[in-house]
Amino acid sequence: MIISDVIRESAARLREAGIETPDHDAKLLLAEAAGVELRDVDKALLMGTALEYDEARFGAMLERRAKREPLQYIVGHVPFRYLDLKVGPGVFIPRPETETVVQAGLDWMTRHGLMHPRVVDLCAGSGAIGLAVVTEVPGSQVWAVELSARTAEWTRRNLAETAKRYPSIASNYQLELGDATSLTTLAQLDGTVDMVITNPPYVPETDVPEQPEVRDWDPELALYGGSADGTLIPERIIERAFRLLKPGGALVMEHDVTQGGRLVAYAKATGFATAMTGQDWTGRDRYLFAEK
């Protein structure tokens, strides 16, 4: 069967299963089965050339996707800024909007001319935020906190993989297993941190995601914010960040599009001198930016 037929039939199967991007997913799975990049599949389609691939593996991956398992879990990795992170069951899949959150933090550090910033990543998950910072800001020191032992295995895996490309980060990135909202977690850093960047659980408990890939696969511990409106955990993160930060330090925290105003008010009530809501690439309220 020629590649165009493989893609067409596979995409039709995924479309019937309710997949929103069936053609893209079919091509990406084929690329994985062939051990090539997505652009190589596109080139083969354009040129009408053959492409060798593992048919059994492709069929198995297609079956998993048709059952609404996340594409990223099936291929085992996901791009995040300049990194390629390992992901699978037990870890929250990094989203593009979180790249906006990281960029806001990096821009602030650049404006303030910080040469050796001390940064904390609360609710580390895959390690996306902290690893992005430590690789993009030479000389930075990053402390990451993760509550789930199962998820922390993915954090460590990504640290090890990233350190192969950036050997210097091995001593500049530290992971602590613990509750990011607890006053005892990283207590030794209180009052010394330049920036806290975090993507905590914030989905309102009354707003269960409709997508099976999110609802049935993303760890609930990484999704739900602990209250009907989802702000309980984010508010505790604000309190913890305030203690960690030194005067003039900043917090960047991702949140739900409905939570901007409440969290800005909470940050100011906690003691932050300034607080505002930042938007993601689609113009939606996406993160809190507060300075102590």
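This report concerns the structure included in the present document. This structure is a prediction, so every number in the text was calculated from the model and none was measured. (Residues numbered from 1 in each chain as written. Predicted model: local features only at pLDDT ≥ 70, side-chain atom pairs only at ≥ 80, totals over all residues. Heavy atoms only, no water.)

Before going further, it helps to spend a moment on the overall build of the protein chain. Tallying secondary structure elements over the protein chain gives 12 helices and nine strands in all. Relative to the compact-globule value of 19 Å for 292 residues, the protein chain shows a C-alpha radius of gyration of 20 Å, a close match. By its C-alpha atoms, the protein chain is 65 × 45 × 35 Å across when sized along the principal axes. Split into buried and exposed, the 292 residues of the protein chain put 51% on the buried side. For the protein chain, long-range pairs separated by at least 24 residues make up 66% of all intrachain contacts whose partners lie at least 6 apart in sequence. Put simply, the protein chain shows about 13400 Å² of open surface, and 52% of that area lies on carbon and sulfur atoms. (Helix = DSSP H or I, 4+ residues; strand = E, 2+ residues; numbered from the N terminus. Rg over C-alpha atoms; globule rule 2.2 N^0.38 Å. Buried < 20%, exposed > 50% of the residue type's maximum accessible area, 1.4 Å probe, protein only. Contact = heavy atoms within 4.5 Å. Areas by Shrake-Rupley, 256 points an atom, 1.4 Å probe, with all protein chains shown as cover.)

So, on to the pattern of salt bridges. Close approach of charged atoms lets side chains of opposite charge pair. Applying the stated rule across the entire model yields 20 salt bridges. Glu213 serves as the salt-bridge partner of Arg68, at 2.8 Å between the closest nitrogen and oxygen. Residue Arg68 is located in the loop between α4 (55-66) and α5 (71-75), and its partner Glu213 is located in helix α9 (residues 212-215); the two are separated by 145 residues in the primary sequence. Its relative accessible area of 16% is what places Arg68 among the buried residues. The exposure class assigned to Glu213 is buried, which follows from its relative accessible area of 10%. Linking Arg262 and Glu235 is a salt bridge whose minimum nitrogen-to-oxygen distance equals 2.8 Å. With Arg262 in helix α12 (residues 260-270) and Glu235 in helix α11 (residues 232-244), this pair connects stretches of sequence that are 27 residues apart. (Salt bridge = Lys/Arg side-chain N within 4 Å of Asp/Glu carboxyl O.)

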